[in-house]
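Okay, here's what each chain looks like letter by letter:
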Amino acid sequence: MILIMKENLAVKVNGGTTTGEMHAATEVTADVHIITSGGVRIPANSAVLASASPVLESIIDRPRKHRSSDKTISILGVPDDAVSVFVQYLYSSKCSEEQMEKYGIHLLALSHVYLVPQLKQRCNKGLVERLTVENVVDVLQLARLCDAPDLYLKCMKMLSNNFKSVEQTEGWKFLQNHDPWLELDILQFIDEAELRKKRTRRHRQEQSLYLQLCEAMECLEHICTEGCTSVGPYDKEPGKNKGPCSKFSTCQGLQLLIKHFATCKRRVNGGCLRCKRMWQLLRLHSSICEQPDVCRVPLCRQFKLKAQQEKKGEDARWKLLVRKVISAKALSSLSLPKRKREEEPRLNLSHPGMRSFTL
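Quick caveat: nothing in here was measured; it's all calculated off a predicted structure. (Residues numbered from 1 in each chain as written. Predicted model: local features only at pLDDT ≥ 70, side-chain atom pairs only at ≥ 80, totals over all residues. Heavy atoms only, no water.)

Side note on the confidence of the model for the protein chain
The share of residues in the protein chain with pLDDT of 70 or more is 78%, and the mean pLDDT across the chain is 80. Confidence over residues 1–28 falls short of pLDDT 50; this stretch has 38 contacts with residues more than four positions distant or in other chains. (pLDDT = per-residue confidence, 0-100. Contact = heavy atoms within 4.5 Å.)

So this is what it looks like as structure tokens:
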């Protein structure tokens, strides 16, 4: 009998059930009445309510002082229609988008109080989709009270991304006057979010520099082993039957730096910044190279021997740079087939990071 009544009610709900229609659909088997704040009495079946909510089951099973009195359950503090939609959900496990639009906040509170997890999940999703600058503070407060962490985090992120607009809303002004602890939590979240963004940007910039240096090492070996358009090893004529390589943007800049390094008169006294960068690149290559005895890059073996002799006094920052470039090279070799050539980083020989590493 209960199942038949439940199905009948579900059909009427889909067509837009009113409180009167619900009463007509349930009055035959109703053995309990739900009382709203407005005094509306909604008839229901205790077995259906108990099967949908353990809290309602506990209320229904509670001993009554007067056996002859009507069995009633008071659901107060929310609009009458919201209670009707809540009872409808207990019967049909359905809630329309229009109902969620009107009563989503109230349904979340009811689903939390009466332990209806399916409805609570539905309300979390529905409220996330309907978050606005105007309602985000109210939804945030409710999410905290109703133990809805996903919804709470979504609200925090929206508030952080639109804080200047949220500051102008009535909800934020009310929060400042009545809930200073939550205001402090919000401000701390915003500060932490800004710090995370700064750390992420700094990390990306560093990784970009390491990838550029890794590419420069590859181009340096390519130039000193095979030669490119205008620079090559002493026993090969550069540019003969050779077109630009696949990393010519970086390779060309490195060739210009090598030409300058070969003819500069100031590098003897260490007065040329461009020559200093070339020394740094040659030293970095030597620190990474695993075959210095057969390597054709100039000064590779000399730098390697010097590093071995001065191992104890080696600069910690330089060692860290070497490890980072080696790590970037390993990651680059794994991800290279998936990256487009035009998206690969290009070496910026005037990058401020290049000037921060001294011999």
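Here's the deal with the nonpolar core
In terms of nonpolar packing, the biggest core is built from 52 residues, with Leu49, Phe86, Leu159 and Ile186 touching the most fellow members. Take this core: its biggest share by element is eight residues, from helix α5 (residues 80–92). One finds Met217, Cys224, Cys251 and Trp318 within the second-largest nonpolar core, a separate group that totals 32 residues. (Core = buried A, V, L, I, M, F, W, Y, C linked by side-chain atoms within 4.5 Å. Buried < 20%, exposed > 50% of the residue type's maximum accessible area, 1.4 Å probe, protein only. Helix = DSSP H or I, 4+ residues; strand = E, 2+ residues; numbered from the N terminus.)

As for the sheet that holds strand β1 (residues 32–35)
By definition, the strands of a sheet pair up through backbone hydrogen bonds, in either a parallel or an antiparallel sense. What the three strands build is an open sheet, ordered β2-β1-β3; its pairing is mixed. The open sheet has two free edges, formed respectively by β2 (41–44) and β3 (72–74), since each of these has just one partner strand. Averaged over all pairs of adjacent strands, the angle between their axes in this sheet comes to 25°, without regard to strand direction. Here β1 pairs with β2 via four bridges, running antiparallel. Bridge pairing in β2 places Val32 opposite Ala44. Helix-sheet contacts for α5 involve β1 and β2, and the interaxial angle to β2 is about 5°. (Pairing = 2+ DSSP bridges. Axes fitted to C-alpha atoms, helices over the stretch in contact; angles between N-to-C directions.)

Digging into the environment of Leu140
Tracing the backbone through its elements, the reader meets Leu140 in helix α8 (residues 136–145). Given a relative accessible area of 0%, Leu140 falls into the buried group. Taking C-alpha positions, Leu140 is 7.3 Å from Met156, a pair spaced 16 residues apart along the chain. Sequence-distant contacts of Leu140, that is, excluding residues within four places in its chain, are made with Tyr152, Cys155, Met156, Leu159, Leu182 and Ile186.

Concerning the packing of helix α6 (residues 97–113) against α8
One way to put it is that α6 packs onto α8 with a least axis distance of 10 Å and a crossing angle of 5°. As far as their axial angle goes, α8 and α6 are roughly parallel. Contact residues: α6 offers Ile105, Leu108, Ala109 and His112, while α8 offers Val139, Leu142 and Leu145. Class assignment of the residues belonging to the contact of α6 with α8 gives a composition of six nonpolar, one polar and no charged. (Parallel < 35°, antiparallel > 145°, perpendicular 65-115°, else oblique. Nonpolar A, V, L, I, M, F, W, Y, C, P; charged D, E, K, R; others polar.)

What about helix α9 (residues 149–161)?
Between the first and last C-alpha of α9 there are 18 Å, a value that for 13 residues agrees with the 18 Å anticipated at 1.5 Å per step. Within α9, burial applies to Leu151, Cys155, Met156, Leu159 and Ser160. Where the residues of α9 are buried, they touch α6, α7 (117–129), α8, α10 (163–166), α11 (170–178) and α12 (180–225). (Expected span 1.5 Å × (residues − 1).)

A few points about the pairing of β1
Linking β1 to β2, which pair antiparallel, is a turn of five residues; within it Gly39 sits at a positive phi near 85°. As judged from the three bridges shared by β1 and β3, these two strands associate in the parallel manner. Residue pairing in the sheet places Ile34 in a bridge with Ile73 of β3.

Quick word on unusual backbone geometry
Of note, the phi angle at Asp147 is positive, near 55°, even though the residue is not glycine. Summarising the element assignment, Asp147 is placed in the loop between α8 and α9. Unlike most non-glycine residues, Leu299 shows phi in positive territory, near 65°. You can see Leu299 is positioned in the loop between α14 (273–288) and α15 (300–309).

So, the pattern of salt bridges
Applying the stated criterion across every chain yields a total of eight salt bridges. Its salt-bridge partner being Glu97, residue Arg130 comes within 2.5 Å of it at the nearest N-O pair. Taken together, the positions of Arg130 in the loop between α7 and α8 and Glu97 in helix α6 put the pair 33 residues apart, joining distant regions of the chain. If you follow the salt bridges from partner to partner, you end up with Glu97, Glu101, Arg122, Glu129 and Arg130 in one network. (Salt bridge = Lys/Arg side-chain N within 4 Å of Asp/Glu carboxyl O.)

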